[in-house]
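Remarks on the overall topology
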Amino acid sequence: MTLLSNVNNILPEIGFPQLTSVVGNTNQLARQALALANREGRSLAKHDWRILVKRNVITTASSADSYSLPSDFDHFIHSTEWNETKRNRLYGPIDDTYWNADLSGLTVVTVADRFQLRADGVNSRIFIRPVPTTSANITFFYAANSWCRSAGGQRQSSFAADTDVLLLDDYVFELGIKWRLLQAQKRDYQVEMAEYTNEKKKAMAR
């Protein structure tokens, strides 16, 4: 279902006329609906919906201790991190206290691979210890932040056109826009939010 369809499905229910367009429309209702649709999409994407889960492979290089993450990376699916070449688990993310002690030589050196996620310049990177000395494949599952797609199939992290399609549950998404619009209009929204919360729980359980 497209963004425009999602928005127009709920507008009459709360006393608003349907829109001919959402993206690029200067109408106040359209602008508000677009902003709240993107907010709802980002909020829903924080959960590990199966459509958002991807597998990534990093090939290490000798003496390189950090590596780029996928461009659509949001968060790790924990306990899926493995050194596929060694067939060993990667342990982490390691907290800063232990990591700094490790770098300072204050902890017992082990052969177990461990990792930490932190900034390196303007980007987040995955740091690995012990520092690799050979090439190996590091694999993990992660949740992507690309929760919608264009009409042509390009995955995105926000709506850019009326024809963009949500990758998540349409019904839950529409309920989310509905209570958010009511709240933004300073109208009562408690009943609608309760329905949304209940339906989201059921969708996640499925």
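Parameters at a glance
Residues numbered from 1 in each chain as written. Predicted model: local features only at pLDDT ≥ 70, side-chain atom pairs only at ≥ 80, totals over all residues. Heavy atoms only, no water. Core = buried A, V, L, I, M, F, W, Y, C linked by side-chain atoms within 4.5 Å. Buried < 20%, exposed > 50% of the residue type's maximum accessible area, 1.4 Å probe, protein only. Helix = DSSP H or I, 4+ residues; strand = E, 2+ residues; numbered from the N terminus. Contact = heavy atoms within 4.5 Å. Expected span 1.5 Å × (residues − 1). Polar contact = N/O pair within 3.5 Å; in protein donor to acceptor, adjacent residues only side chain to side chain. Axes fitted to C-alpha atoms, helices over the stretch in contact; angles between N-to-C directions. Parallel < 35°, antiparallel > 145°, perpendicular 65-115°, else oblique. Left-handed = near helix turned anticlockwise from the far one by under 90°. Pairing = 2+ DSSP bridges.

Counting residues in each nonpolar core, the largest one holds 34 residues, and the members touching the most others are Leu-11, Trp-147, Phe-159 and Leu-181. Breaking this core down by element, the ones donating at least two residues are α1 (3-10), α2 (28-44), α4 (170-184) and α5 (190-205). The contacts of Leu-11, once residues within four sequence positions are left out, are Phe-16, Pro-17, Gln-18, Leu-19, Leu-29 and Leu-181. Leu-90, Phe-115, Ile-128 and Ile-138 belong to the second largest nonpolar core, which has 13 residues in total.

With that settled, consider α2. Taking 1.5 Å of rise per residue, the 17 residues of α2 would be expected to cover 24 Å, and the 24 Å separating its terminal C-alpha atoms lies within 8% of that figure. Looking at α2, one finds that the buried residues are Leu-29, Ala-30, Gln-32, Ala-33, Leu-34, Leu-36, Ala-37, Asn-38, Glu-40, Gly-41 and Leu-44. The N-cap of α2, judged by a side-chain oxygen 2.8 Å from the amide nitrogen of Leu-29 a few residues on, is Asn-27.

Once that is clear, we can look at the environment of Val-7. Tracing the backbone through its elements, the reader meets Val-7 in helix α1. Between the C-alpha atoms of Val-7 and Ala-33, which are 26 residues apart in sequence, the distance is 7.1 Å. If near-sequence neighbours (up to four positions away) are discounted, Val-7 is found in contact with Leu-19, Val-22 and Ala-33.

Take the packing of α4 against α5 next. At a minimum axis separation of 9 Å, α4 and α5 run at an interaxial angle of 155°. Judged by the inter-axis angle, α4 sits roughly antiparallel to α5. Crossing of α4 against α5: the hand is left-handed. Facing Tyr-171, Val-172, Leu-175, Gly-176, Lys-178, Trp-179 and Leu-182 of α4, the residues of α5 in contact are Glu-192, Met-193, Glu-195, Tyr-196, Glu-199, Lys-200 and Ala-203.

Before going further, it helps to spend a moment on the sheet that holds strand β11 (residues 165-166). Taken together, three strands build an open sheet; the order of strands is β10-β9-β11 and the sheet is antiparallel. Strands with a single pairing partner mark the edges of an open sheet, and in this sheet they are β10 (155-156) and β11. Where strand β9 (residues 148-149) meets β11, two bridges bridge the pair, whose relative direction is antiparallel. The residue bridging Arg-149 from the neighbouring strand is Val-165, located in β11.

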